[in-house]
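A look at the structure
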Amino acid sequence: MAIYQHILLAVDFFEANDQVVYKASQIAEQNNAKLSLVHVVDNLPISDPAADAIIPFDVELTQELMDTCKQRLIKLGEELRVPVERQYLEMGSPKMEIVRIAEENQADLIVVGSHGRHGLALLLGSTANGVLHHAKCDVLAVRLADD
């Protein structure tokens, strides 16, 4: 009997997340589960500490980033045989968007990469930590190697 039926893999194209992708695809295969993908582009404003001001978003740059991420998501989806309708590209708070997509699609496992955090980074938290504390389903935080 399968433990999981629908796995949501949260991918970050700016991290070395091959091991996260591998782990999620293996669990999906072992459980004969559906696999979905989500990538969230963080919409934090860019600040200039020297001018003590917030720099407004460059809409064209944001659209370029979204387009690039969409292409990477499609490519990964093709490699993992995940149909486009189960590939989600969102903008916002990564932890909240990942949890929202998981709930809306009734995922019963979220797989996300996590760095070992120490000191101030531990106090500030991470996407994996935020997902863990907000998700209503199981969360697997795959440890990423720190370079």
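Residues numbered from 1 in each chain as written. Predicted model: local features only at pLDDT ≥ 70, side-chain atom pairs only at ≥ 80, totals over all residues. Heavy atoms only, no water.

**Structural notes on the overall build of the protein chain**
Secondary structure summary: the protein chain contains five helices and seven strands in total. Seen in sequence order, the protein chain has helices and strands lined up from the N terminus as β-α-β-β-β-α-β-α-β-α-α-β. The burial tally for the protein chain puts 41% of its 147 residues in the buried class. (Helix = DSSP H or I, 4+ residues; strand = E, 2+ residues; numbered from the N terminus. Buried < 20%, exposed > 50% of the residue type's maximum accessible area, 1.4 Å probe, protein only.)

**Some points on the pattern of salt bridges**
For the structure on display, the rule yields five salt bridges. Residue glutamate 90 pairs with arginine 100 through a salt bridge whose shortest N-O separation is 2.9 Å. Here glutamate 90, found in strand S5 (residues 87–92), pairs with arginine 100, found in helix H3 (residues 94–104); they are ten residues apart in sequence, far enough to count as distant. A relative accessible area of 18% places glutamate 90 in the buried class. A salt bridge links arginine 100 to glutamate 97; the nearest nitrogen and oxygen atoms lie 2.6 Å apart. Linking arginine 100 with glutamate 97, this pair stays in helix H3, spanning three residues, or about one helical turn. A relative accessible area of 16% means that glutamate 97 is categorised as buried. (Salt bridge = Lys/Arg side-chain N within 4 Å of Asp/Glu carboxyl O.)

**Some details on the nonpolar core**
Ranked by size, the top nonpolar core spans 24 residues in total, and within it Ile7, Leu9, Val11, Leu35 and Val111 carry the most contacts. Contributions of two or more residues to this core are made by strand S1 (6–10), helix H1 (18–31), strand S2 (34–42), helix H2 (59–80) and strand S6 (109–114). In terms of residues, this core owes the most to one element, H1, which gives five residues. Each residue touching valine 111, except ones within four places of it in the same chain, is listed here: Ile7, Leu8, Leu9, Ala10, Val20, Ala24, Leu140 and Val142. Membership of the second largest hydrophobic core comes to 16 residues, among which are Ala10, Tyr88, Ile98 and Cys137. (Core = buried A, V, L, I, M, F, W, Y, C linked by side-chain atoms within 4.5 Å. Contact = heavy atoms within 4.5 Å.)

**Overview of the confidence of the model for the protein chain**
For the protein chain, per-residue confidence averages 84 on the pLDDT scale, and residues scoring 70 or more make up 78% of the total. In the predicted structure, residues 118–124 sits below a pLDDT of 50 and forms one contact with residues beyond four places in sequence or in another chain. (pLDDT = per-residue confidence, 0-100.)

**Looking at the packing of H3 against helix H5 (residues 127–134)**
The N-to-C vectors of H3 and H5 enclose an angle of 40°; their axes lie 8 Å apart at closest approach. With respect to their mutual orientation, H3 and H5 come out oblique. Here H3 and H5 pass one another in a crossing that is right-handed. Across from Pro94, Lys95, Met96, Ile98, Val99 and Glu103 in H3, the residues of H5 making contact are Thr127, Gly130, Val131 and His134. Its residues assigned to classes, the contact of H3 with H5 comprises five nonpolar, three polar and two charged. (Axes fitted to C-alpha atoms, helices over the stretch in contact; angles between N-to-C directions. Parallel < 35°, antiparallel > 145°, perpendicular 65-115°, else oblique. Left-handed = near helix turned anticlockwise from the far one by under 90°. Nonpolar A, V, L, I, M, F, W, Y, C, P; charged D, E, K, R; others polar.)

**Describing unusual backbone geometry**
Phi is positive for arginine 81, close to 60°, though the residue is something other than glycine. Tracing the chain through its elements places arginine 81 in the loop between H2 and S5. A positive phi angle, close to 55°, is found at glutamine 106, a residue other than glycine. Relative to the helices and strands, glutamine 106 resides in the loop between H3 and S6. Overall, the relative accessible area of 68% leaves glutamine 106 in the exposed class.

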